[in-house]
Amino acid sequence: MDTARFTSKGFLIPGIIGLVILAGLATLPLYGSLYNVVLVTTILMYAILTVSWVMFSGSSGYLSLATATFFGIGIYISTLLLPNTGALLPLLVVVLIGGLGSSIIALGVGALTLRLRGIYFAVFTFGLVILVLELFNWWEHSVSHIRGRFVMLVDNDIIYFIMLGIFVATVLTYYFLQRSKFGLALRSIGENEEAAAHIGVNVTMVKVITFGISAFFMGAAGAIWATKLTYIDPYVAYSVNYSFLPVLMAIFGGMGQIYGPVIGAVIFAYLQEKFQTEFPYYYMLSFGIILIVAILYLPNGLVGLIQKIAQRLRKGGTGEEYADT
Amino acid sequence: MPILEGEGVTKYFGGLAAVLNVDFAVEQGEVYGLIGPNGAGKTTLFNLISAALVPKPGIIKFKGVNITGKKPYQICRMGIARTFQTVKVFGNLPVFENARLGALFGTSTGMSATDAAKEAADLLDFVGLSAMSATPAKDLTLANQKRLEVARALATKPEILMLDEMMAGLNATEIAQGTELVNSIRDKGITVFMIEHVMKAIMSVCDRIMVLHHGEKIAEGTPQEIASSKKVVEVYLGEQDDAGS
């Protein structure tokens, strides 16, 4: 039964570690420098994108490259509702609308396209990013005649706390989804969709709803991220990097465990920030090298490495991770 | 009233009639066999019944109700379960979760988590896999994966179970066990509709057999009638001239 998992040490220790980290993060603005607050905000943003990407793609096996679309829609909603001339709605409401807006688009897109399998779905979602980018370009150019928009300034600590809140909500949602009946259905789809359909799983509904839930967090993160960017045009909002980086971060961290995508995103985003400031000319190059090494030597990401070390420490451990490898 | 019937069931793939104008009726409680040479349309017929494909034209009725055009998950929840010719277990999930998924999603009324777990455990016991319930399904032998598919299908509480070549690729002992399993499924009161190539198995276990050839039904009857049918023998062994070629 599921309750056994909650009482086992497998849950308790990560739970305590998680709470300690959370406490540290929640008080960061008290002792951290402004630079650190902004840096961690960026890291959290990537962690949200990565975890919400894994929420859908990790279990279902459908490679979605639409992250940038849902993130960008959140950014644009925020830009339109929080112009520098004065906010039309309270910040938190805008974040919520950003999430819901992305979610609704994802439900529509998902209902139309989630019958595409494998590479076709990946290509379609990538095309979606370009399509939406060009659509907004056209709109800004021909309809609104606004080249670049400015978002109102928001205190860095507030941006940080909202980002942290979204991050916690994302991780908790992912955690409970994974352990729910719904999450099990999603995994069965990832394992064998045809078999899942024939044992009574409403595969279309499960896929579309999960796609919608994951897009909610992407959109919400985008909505608050806009206030950090302050200057927005379609190229800023719909950068394909937001589609690819979460995938790389998830692979780097490993998707076998819930903490995998989080660790992957944290380390990857941190390195990105550091490299970008310290080796601006080589940072993409060094990234490529890190990725190649990770894929060659860490097929299960950092999680696989951690598990291997843990097993060696236990000397032929019990192998309790049967379900998650 | 037959539990499952088809009227003029047809399916074309391009210009090829994979299944052509097939009528059939499976009676409640029987073991109904479906045989035919490779490419005869047996699995296509199963796919049509389980709604992986839609017949065009033709209708399929379950307990007198037209079920044509329903979705696979609806067909399953109505009480028609199936296994697959090439096994489709959830490889990375433990054996137990495979069976539990059937109980959680496949029944008409839904099942509580506790009941589903109990049902899964009972059925793994029934097919003889209790000892392996924590093993990832991909690590089982082929015979055991096929048993797992049966347990997973039974977990959806079907009234009729469709077995697609359960004995293919198994050794003699495993075939004997498989035959036994089919008999015990029938004893549970579940109607069995099975595709099989292993003649010994199908002749000993079936009440009636239907023969497909090039998508068309060419014979139907008891195992004795089928074995002595000239047409069936011709289809399987080729005409006199071809024999031995």
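Residues numbered from 1 in each chain as written. Chains lettered and ligands numbered in written order. Predicted model: local features only at pLDDT ≥ 70, side-chain atom pairs only at ≥ 80, totals over all residues.

1. Observations concerning the overall build of chain B
(1) Moving on: For chain B, the count of helices and strands is 9 helices and 10 strands.
(2) Moving on: Against the 2.2 N^0.38 benchmark of 18 Å for 245 residues, chain B shows a C-alpha radius of gyration of 18 Å, consistent with a compact globule.
(3) Moving on: Taken over the C-alpha atoms alone, chain B extends approximately 60 × 40 × 35 Å along its principal axes.
(4) Moving on: Looking at chain B residue by residue over its 245 residues, the buried ones come to 47%.
(5) Moving on: For chain B, the share of sequence-separated contacts (at least 6 apart) that also reach a separation of at least 24 residues comes to 67%. (Helix = DSSP H or I, 4+ residues; strand = E, 2+ residues; numbered from the N terminus. Rg over C-alpha atoms; globule rule 2.2 N^0.38 Å. Buried ≥ 20, exposed ≤ 12 C-beta atoms within 10 Å, placed from the backbone. Contact = placed C-beta atoms within 7 Å.)

2. Some words on the overall build of chain A
(1) Moving on: In terms of regular secondary structure, chain A is built from 16 helices and 2 strands.
(2) Moving on: The dimensions of chain A, computed from C-alpha atoms along their principal axes, are 65 × 50 × 40 Å.
(3) Moving on: Of all 325 residues assigned to chain A, the portion counted as buried reaches 40%.
(4) Moving on: Counting contacts in chain A only where the partners sit at least 6 residues apart, residues at least 24 apart contribute 80% of the total.

3. A look at the interface of chain A and chain B
(1) Moving on: With 18 residues of chain A at the contact, the number on the chain B side is 25 residues.
(2) Moving on: Listed by contribution, the elements that provide at least two residues to the side of chain A that touches chain B are helix 9 (181-191) and helix 10 (193-198) of chain A.
(3) Moving on: Across the side of chain A that touches chain B, the residue classes break down as 9 nonpolar, 5 polar and 4 charged. (Nonpolar A, V, L, I, M, F, W, Y, C, P; charged D, E, K, R; others polar.)

4. Topic: the sheet that holds strand 6 (residues 80-82) of chain B
Residue and element names in this part refer to chain B.
(1) Moving on: Read from one edge of the open sheet, 6 strands run 6-7-8-3-9-10, paired in mixed fashion. The open sheet has two edge strands, strand 6 and strand 10 (216-221), and neither has a second partner. When the angles between neighbouring strand axes are averaged without regard to direction, this sheet yields 20°.
(2) Moving on: Pairing between strand 9 (residues 208-213) and strand 10: 5 bridges, direction antiparallel. Bridge pairing links His-213 to Glu-216 in strand 10.
(3) Moving on: Sitting on the sheet, helix 6 (residues 172-187) touches strand 3 (31-35), strand 7 (160-164) and strand 8 (191-195), and the angle it makes with strand 8 is about 150°. (Pairing = 2+ DSSP bridges. Axes fitted to C-alpha atoms, helices over the stretch in contact; angles between N-to-C directions.)

5. Brief notes about the sheet that holds strand 4 (residues 59-62) of chain B
All names here are of chain B.
(1) Moving on: One open sheet accounts for 4 strands, arranged 2-1-4-5; its pairing is antiparallel. This sheet does not close on itself; its edge strands, each paired only once, are strand 2 (16-26) and strand 5 (65-66).
(2) Moving on: Of the strand pairs in this sheet, strand 4 and strand 5 are connected by 2 bridges, and their pairing is antiparallel. Paired with Lys-61 across the strands is Asn-66, a residue of strand 5.

6. Quick notes on the pairing of strand 9 of chain B
Residues and elements named next belong to chain B.
(1) Moving on: Strand direction decides the pairing type here: strand 3 and strand 9, joined by 4 bridges, are parallel. Bridge pairing in strand 9 places Ile-35 opposite Val-211.
(2) Moving on: Here strand 9 hands over to strand 10 after 2 residues, with His-214 in that stretch at a positive phi of 50°.

7. Comments concerning the confidence of the model for chain A
All names here are of chain A.
(1) Moving on: Summary statistics for chain A give a mean pLDDT of 87 and a share of 93% for residues scoring 70 or more.
(2) Moving on: In this model, residues 1-7 is a region of pLDDT below 50 whose contacts with residues beyond four sequence positions or in other chains number 5 contacts.
(3) Moving on: Scored below 50 in pLDDT, residues 319-325 makes 10 contacts in the model with residues more than four places away or belonging to other chains. (pLDDT = per-residue confidence, 0-100.)

8. Observations concerning the pairing of strand 2 of chain B
Residues and elements named next belong to chain B.
(1) Moving on: When strand 1 (residues 4-13) meets strand 2, the two strands line up antiparallel, connected through 7 bridges. Within strand 2, the position partnered with Gly-6 by the bridge is Phe-24.
(2) Moving on: Linking strand 1 back to strand 2 in an antiparallel pair, the connection comprises 2 residues, with Gly-14 at a positive phi of about 60°.

9. Quick word on unusual backbone geometry
Residues and elements named next belong to chain B.
(1) Moving on: The omega torsion of the bond from Lys-56 to Pro-57 falls at -5°, within 30 degrees of zero and hence cis.
(2) Moving on: Among the structural elements, Pro-57 can be located in the loop between helix 1 (42-49) and strand 4.
(3) Moving on: Notably, Glu-165 is not glycine yet its phi reads approximately 50°, a positive angle.
(4) Moving on: Positionally, Glu-165 belongs in the loop between strand 7 and helix 6.
(5) Moving on: Even without glycine at this site, His-214 takes up a positive phi of about 50°.
(6) Moving on: The topology assignment puts His-214 in the loop between strand 9 and strand 10.
(7) Moving on: You can call His-214 partly exposed: it has 16 C-beta atoms within 10 Å.

10. What about the packing of helix 5 (residues 67-81) of chain A against helix 11 (residues 203-229) of chain A?
Residues and elements named next belong to chain A.
(1) Moving on: Contact geometry for helix 5 and helix 11: axes closest at 7 Å, N-to-C directions at 45°. Classed by the angle they form, the pair helix 5 and helix 11 counts as oblique. The handedness of the crossing between helix 5 and helix 11 comes out as right-handed. For the pair helix 5 and helix 11, contact is made by Thr-67, Phe-70, Phe-71, Gly-72, Ile-73, Gly-74, Ile-75, Ile-77, Ser-78 and Thr-79 and by Ala-215, Met-218, Gly-219, Ala-220, Ala-221, Gly-222, Ala-223, Trp-225, Ala-226 and Thr-227, respectively.
(2) Moving on: Residues of the contact of helix 5 with helix 11, tallied by class, amount to 12 nonpolar, 8 polar and no charged. (Parallel < 35°, antiparallel > 145°, perpendicular 65-115°, else oblique. Left-handed = near helix turned anticlockwise from the far one by under 90°.)

11. Focus on the environment of Ile-226 of chain B
All names here are of chain B.
(1) Moving on: The topology assignment puts Ile-226 in helix 8 (residues 223-228).
(2) Moving on: It is 8.2 Å that separates the C-alpha atoms of Ile-226 and Val-211, two residues lying 15 residues apart in sequence.
(3) Moving on: Excluding its chain neighbours within four sequence positions, the residues that come into contact with Ile-226 are Ile-209, Val-211, Ala-219, Gly-221 and Val-232.

12. Some details on helix 4 (residues 113-127) of chain B
Residue and element names in this part refer to chain B.
(1) Moving on: In this model helix 4 runs 21 Å from its N-terminal to its C-terminal C-alpha over 15 residues, within 8% of the 21 Å that 1.5 Å per residue would give.
(2) Moving on: Along helix 4, the positions that sit buried rather than exposed are Ala-116, Glu-119, Ala-120, Leu-123, Leu-124 and Val-127. Along the axis of helix 4, the buried residues cluster in a sector spanning 130°; they form a single face.
(3) Moving on: Gly-128, located one to two residues past helix 4, shows a positive phi value of around 85°. (Expected span 1.5 Å × (residues − 1). Arc of directions from axis to C-beta.)

13. Some thoughts on the nonpolar core
(1) Moving on: Residues Val-201 of chain A together with Ala-151, Leu-161 and Val-192 of chain B are the most contacted members of the largest nonpolar core, which totals 88 residues.
(2) Moving on: In terms of residue count, helix 3 (residues 95-106) of chain B provides more of this core than any other element does, 7 residues in total.
(3) Moving on: Of all hydrophobic cores here, the second largest spans 72 residues; its members include Ile-77, Leu-82, Phe-167 and Phe-211 of chain A. (Core = buried A, V, L, I, M, F, W, Y, C linked by C-beta atoms within 7 Å.)

14. Describing the confidence of the model for chain B
(1) Moving on: Summing up the model confidence of chain B, the mean pLDDT is 89 and the portion of residues at 70 or higher is 96%.
(2) Moving on: As a predicted assembly, this complex carries a pTM of 0.87 together with an ipTM value of 0.88.

15. Description of the environment of Ala-17 of chain B
Residues and elements named next belong to chain B.
(1) Moving on: Take Ala-17: it is sitting in strand 2.
(2) Moving on: We classify Ala-17 as partly exposed; it has 16 C-beta atoms within 10 Å.
(3) Moving on: Put simply, Ala-17 and Tyr-73 are 56 residues apart on the chain and 26 Å apart in space, counted from C-alpha to C-alpha.

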